[in-house]
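Coordinates in review
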Amino acid sequence: MAERSEPPAWEVWALRLGTADRPARDNFLMPCARSGLMRLDFTMWVVRDGDRAVVVDTGFSERAGERRGRRLDRRPAEAVRRLGIDPGRVDEVVLTHLHFDHAGNLGDFPQARVAVQARELEYTTGKAMTRPALNHFFEADDVVEVVRRVHDGGVRVVEGDVELAPGLELRLIGGHTKGLQVVRVHTARGWVVLASDALHYYANFHERNPFPAILDLGVMLDGYDRIGRLAASADHIVPGHDPAVFERYAGPDDDLPDGVVALHRAPGQATAH
């Protein structure tokens, strides 16, 4: 039997789109000693192998931000241009889930096919959305835009775990929403997991104390264990909203713009590209 070749080493970046402050105690399900404010970053990611660039999540729309008291510092299209990528040439956008701060601005990538879990589509267009306690996390316009693209043939509807390309995988986790997926990327330093909202902060993971926006707590905690197995090490797990990501991966010889870090290099190393 032929030995399977090593998958390609993708490059992957985190790009900060905006920030907000929250009471620290609101970021953990179980009581803790934290007090004061804790910053939350709104983040997107770009994964690249040669000429192929895949965008992961697209922030929130201007309309959603105005309604919710949030403001983006830059749109996703502007963010990817900072890496020298033409947003019009991005051919795939992965939406980890359809919460308002991850699924807006799809129009920034007009040529892209969207990858989303079937369970997320079922969840966001079904009975659960009649309940304000669940639907307030979503913007109807964002969900409608995804459904419109389904009908236009512009959506890859994913069922469970799939390989988008050698070294680039989607893994269904759930817990936070019914169809939450994480992105597993093979890089020069090993397998990196872009956890998105499977865990918001490093502390949620290490303390097993989740961010309290939860659909199914048991599934969420099982997801923590699975993420640990999918990543090459704890240093290869990237939470979805922790500003510490941009501190850990800022290298001494960094030539990247502010609010952009390379995750295919170990924390603290130079991130030149």
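The protein chain goes by N-acyl homoserine lactonase family protein in an unreviewed UniProt entry, where it is assigned to Actinomadura vinacea. Taken from UniProt, the Sequence similarities (unreviewed entry) comment for the protein chain reads in full: "Belongs to the metallo-beta-lactamase superfamily."

1. Describing the pairing of strand E10 (residues 190-196)
For E10, the tally of buried residues reaches seven of seven residues, placing the bulk of the element in the interior. Where strand E9 (residues 181-187) meets E10, five bridges bridge the pair, whose relative direction is antiparallel. Within E10, the position partnered with valine 185 by the bridge is valine 192. Taking the residues between adjacent antiparallel strands as the criterion, E9 and E10 are bridged by two residues.

2. Regarding helix H7 (residues 217-230)
Compared with an ideal rise of 1.5 Å per residue, which puts 14 residues at 20 Å, H7 spans 20 Å between its outermost C-alpha atoms and is within 8% of the ideal. By the burial criterion, the buried members of H7 are Met220, Gly223, Tyr224, Arg226, Ile227 and Leu230. For H7, the secondary structure elements touched by its buried residues are strand E8 (168-172), E9, E10, helix H6 (202-206) and strand E11 (237-239). Regarding H7, its N-cap is aspartate 216, as a side-chain oxygen of that residue lies 3.2 Å from the backbone nitrogen of glycine 218 further along.

3. Notes on the sheet that holds strand E2 (residues 37-49)
Strand order in the open sheet formed by seven strands is E6-E5-E4-E3-E2-E1-E12, and the pairing between neighbours is mixed. Each edge of the sheet is formed by a strand with only one pairing partner; in this case those strands are strand E6 (155-158) and strand E12 (260-262). Recorded for the sheet is a direction-independent mean angle of 25° between the axes of neighbouring strands. One ladder, built from three bridges, connects strand E4 (residues 92-94) with strand E5 (residues 113-117); its direction is parallel. Looking across to E5, one finds that valine 94 is bridged to alanine 115.

4. Re a nonpolar patch on the surface
Together, Leu29, Met30, Leu217 and Leu221 line one region of the surface with nonpolar side chains, adding up to about 300 Å² of accessible area. Structurally, leucine 29 can be placed in the loop between strand E1 (11-23) and E2.

5. A short note on the pattern of salt bridges
Think of it this way: side chains of opposite charge can pair up when their charged atoms draw near. One pass over the structure, following the stated rule, counts 18 salt bridges. The residue glutamate 139 makes a salt bridge to arginine 67 at a minimum N-O spacing of 2.4 Å. With glutamate 139 in the loop between helix H4 (132-135) and helix H5 (140-151) and arginine 67 in helix H1 (residues 62-68), this pair connects stretches of sequence that are 72 residues apart. The class for glutamate 139 is buried, based on a relative accessible area of 7%. Arginine 67 sits in the exposed class, given a relative accessible area of 57%. For aspartate 225, the salt bridge is made with arginine 208, and the minimal N-O distance between the two is 3.2 Å. One end of the pair, aspartate 225, is in helix H7; the other, arginine 208, is in the loop between H6 and H7, and 17 residues separate them in sequence. We classify aspartate 225 as partly exposed; its relative accessible area is 36%. Note on arginine 208: relative accessible area 33%, which makes it partly exposed.

6. Quick word on the packing of aromatic side chains
Evaluation of the coordinates by the stated rule reveals four aromatic pairs. With 5.9 Å between their ring centres and 40° between their planes, phenylalanine 60 and phenylalanine 100 make a pair best called tilted. Of the two residues, phenylalanine 60 sits in the loop between strand E3 (52-56) and H1 while phenylalanine 100 sits in the loop between E4 and E5, which places them 40 residues apart along the sequence. A relative accessible area of 1% means that phenylalanine 60 is categorised as buried. A relative accessible area of 12% places phenylalanine 100 in the buried class. Centre to centre, the rings of tyrosine 123 and phenylalanine 138 are 5.8 Å apart; their planes meet at 75°, and the pair counts as edge-to-face. Highlighted residues: tyrosine 123 in helix H3 (residues 118-124) and phenylalanine 138 in the loop between H4 and H5, separated in sequence by 15 residues. In this pair, the class of tyrosine 123 matches that of phenylalanine 138, namely buried. Within the aromatic cluster, the residues linked to one another by ring pairs are Phe42, Phe60 and Phe100.

Thresholds applied
Residues numbered from 1 in each chain as written. Predicted model: local features only at pLDDT ≥ 70, side-chain atom pairs only at ≥ 80, totals over all residues. Heavy atoms only, no water. UniProt positions renumbered as here; feature names shortened; annotations may be inferred. Buried < 20%, exposed > 50% of the residue type's maximum accessible area, 1.4 Å probe, protein only. Helix = DSSP H or I, 4+ residues; strand = E, 2+ residues; numbered from the N terminus. Pairing = 2+ DSSP bridges. Expected span 1.5 Å × (residues − 1). Contact = heavy atoms within 4.5 Å. Polar contact = N/O pair within 3.5 Å; in protein donor to acceptor, adjacent residues only side chain to side chain. Axes fitted to C-alpha atoms, helices over the stretch in contact; angles between N-to-C directions. Patch = residues over 30% accessible without salt bridge, like charges linked within 9 Å, V, L, I, M, F, W, Y side chains within 5 Å. Areas by Shrake-Rupley, 256 points an atom, 1.4 Å probe, with all protein chains shown as cover. Salt bridge = Lys/Arg side-chain N within 4 Å of Asp/Glu carboxyl O. Phe/Tyr/Trp six-rings, centres within 6.5 Å; stacked < 30°, edge-to-face > 60°.

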